[in-house]
Amino acid sequence: MENKKETSAFAEVINKKPNIKNDLFLRALKGETVQRPPVWMMRQAGRYLPEFMELKRKYDFFTRCQQPELASEITVQPIRRYGMDAAILFCDILVIPQAMNIHVEMKPGVGPWLPQPIRSQADLDRVIVPDIHDTLGYVMEAIKMTKEKLNDEIPLIGFAGSPWTILCYCVQGQGSKNFDKAKEFCFTQPQVAHQLLQKITDTTIAYLKEKIKAGVDAVQVFDSWGGMLSPTDYQEFSWQYIQQIIDALKDEAPVIAFGKGCWFALGEMATSGASALGVDWTCSPQNARILSGGNITLQGNFDPTRLFSPPAEIKRMVKEMIDAFGKDKYIVNLGHGILPNIPLENAGAFIEAVKEYKQD
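A brief look at the structure comes next. (Residues numbered from 1 in each chain as written. Predicted model: local features only at pLDDT ≥ 70, side-chain atom pairs only at ≥ 80, totals over all residues. Heavy atoms only, no water.)

Helix and strand content of the protein: 16 helices and nine strands. Oriented by its inertia axes, the alpha-carbon framework of the protein measures out at about 60 × 55 × 40 Å. The buried share among the 360 residues of the protein stands at 56%. Of all intrachain contacts in the protein linking residues separated by at least 6 positions in sequence, the fraction that spans at least 24 positions is 74%. Surface accessibility of the protein: about 14,800 Å² in total, with carbon and sulfur atoms responsible for 50%. For the protein, the centre of its 40 positive side-chain charges and the centre of its 43 negative side-chain charges are spaced 3 Å apart. (Helix = DSSP H or I, 4+ residues; strand = E, 2+ residues; numbered from the N terminus. Buried < 20%, exposed > 50% of the residue type's maximum accessible area, 1.4 Å probe, protein only. Contact = heavy atoms within 4.5 Å. Areas by Shrake-Rupley, 256 points an atom, 1.4 Å probe, with all protein chains shown as cover. Lys, Arg positive; Asp, Glu negative; His and termini not counted. Charge placed at Lys NZ, Arg CZ, Asp CG, Glu CD.)

Let's shift gears to the pairing of strand β8 (residues 297-302). For β8, the tally of buried residues reaches six of six residues, placing the bulk of the element in the interior. Each parallel crossover has a hand, and for strand β7 (residues 276-279) linked through helix α14 (residues 285-291) to β8 it is right-handed. For β8 and strand β9 (residues 330-334), the ladder comprises five bridges, and the chain directions are parallel. The residue of β9 that forms the bridge with L298 is Y330. (Right-handed = clockwise from strand over helix to strand, strands pointing away. Pairing = 2+ DSSP bridges.)

Right, let's get into the pattern of salt bridges. For the coordinates displayed, the defined rule picks out 18 salt bridges. With a shortest N-O distance of 3.3 Å, K30 and E32 are connected by a salt bridge. Residue class for K30 comes out partly exposed when judged on its relative accessible area of 34%. In this structure, the salt-bridge partner of D217 is K147, at a minimum N-O distance of 2.8 Å. Taken as a pair, D217 in the loop between α11 (190-214) and β5 (218-223) and K147 in helix α8 (residues 132-150) lie far apart in primary sequence, 70 residues in all. It is possible to trace a salt-bridge network through shared partners that takes in R306, E313, R316 and E320. (Salt bridge = Lys/Arg side-chain N within 4 Å of Asp/Glu carboxyl O.)

The strand order β1-β4-β5-β6-β7-β8-β9 describes an open sheet built from seven strands, whose pairing is parallel. Edge positions in the sheet fall to β1 (87-88) and β9, since each of these pairs with one other strand and no more.

The next subject is the pairing of β7. A two-sided burial pattern is seen for β7, the buried positions comprising A276 and G278 on one face and L277 and V279 on the other. Pairing between strand β6 (residues 255-259) and β7: three bridges, direction parallel. Of the residues in β7, the one forming a bridge with F258 is G278.

What follows covers the packing of helix α9 (residues 163-172) against α11. Taken N-terminus to C-terminus, the directions of α9 and α11 make an angle of 120°; their axes are 9 Å apart at the nearest point. Between α9 and α11, the interaxial angle falls into the category oblique. Seen along the crossing, α9 lies across α11 with a hand that is right-handed. Contacts between α9 and α11 involve P163, W164, I166, L167 and V171 from the former and A193, L196, L197, I200 and T201 from the latter. (Axes fitted to C-alpha atoms, helices over the stretch in contact; angles between N-to-C directions. Parallel < 35°, antiparallel > 145°, perpendicular 65-115°, else oblique. Left-handed = near helix turned anticlockwise from the far one by under 90°.)

Following this line, the structure appears as structure tokens:
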């Protein structure tokens, strides 16, 4: 009975959305039968596009995020060029710690840089759960502008980082291959770590709720560094917080949960109330279907580096990937974000392969 109630509440939410002309993405999230699966690419709005690079030369990173005109323009650039089935709002996961009174810079050649990392209770005490309108209102303006530009042609996706992934940057102070300081913090000061994770979770829920009110049609939670944790530690320091986010949002909009390297959690993720699960390239389509129980929409999982292959090979591999996942309850995507130096023709071949897809 519980599941039926949830399904009908969710159906009501989906049905209240405006009439999107190309609703393949929303139909796939509902598990409907489709002619072909929808396609979009993580990080499609940005770094591999020459039109984006032009703006990058003029404006620094957070200016591009914080100016609604720029963010909306960057969001629609790949749609104009390739015609994906969904747009994802140009922004960054680190606007959340910025709003929480944690200083974040984007340093050339370094990437994210947090000069005052959170390493103690005293550090945590200066972290706030902010008023979203005061701190992140520019994101909502960007959504409204983007919705106007899209003109209900395709859905718009909003996103946030998972609380664990945000904690990784807040504690480490920068990107890392193993986030050793973040893990040490969690294992030596678990109480402080859980307080920080809860503050991030509360902020993220409020942020994504406002994004949905502003007009996004679905949201995705990126747990980019979930695979850094063992299955047991993943439950304690990551998944329970993602579950809170799904519980708070699932009746308002479809939620996609993506944990890179988290194949071991697909079974639990499948019963979470999420509408779809992202899968990275280290898990085969067959295993992803088995591990997730075979009833939930999956998204992924082309290796982004494989986009360096010749276009004809990309098209062959994409067709094989769709055949392996099955065309229904499936959203074609990469297994992580597109790389900056992918040839434009190759990105185009990836999208075209899906649009040309026919079952044998």
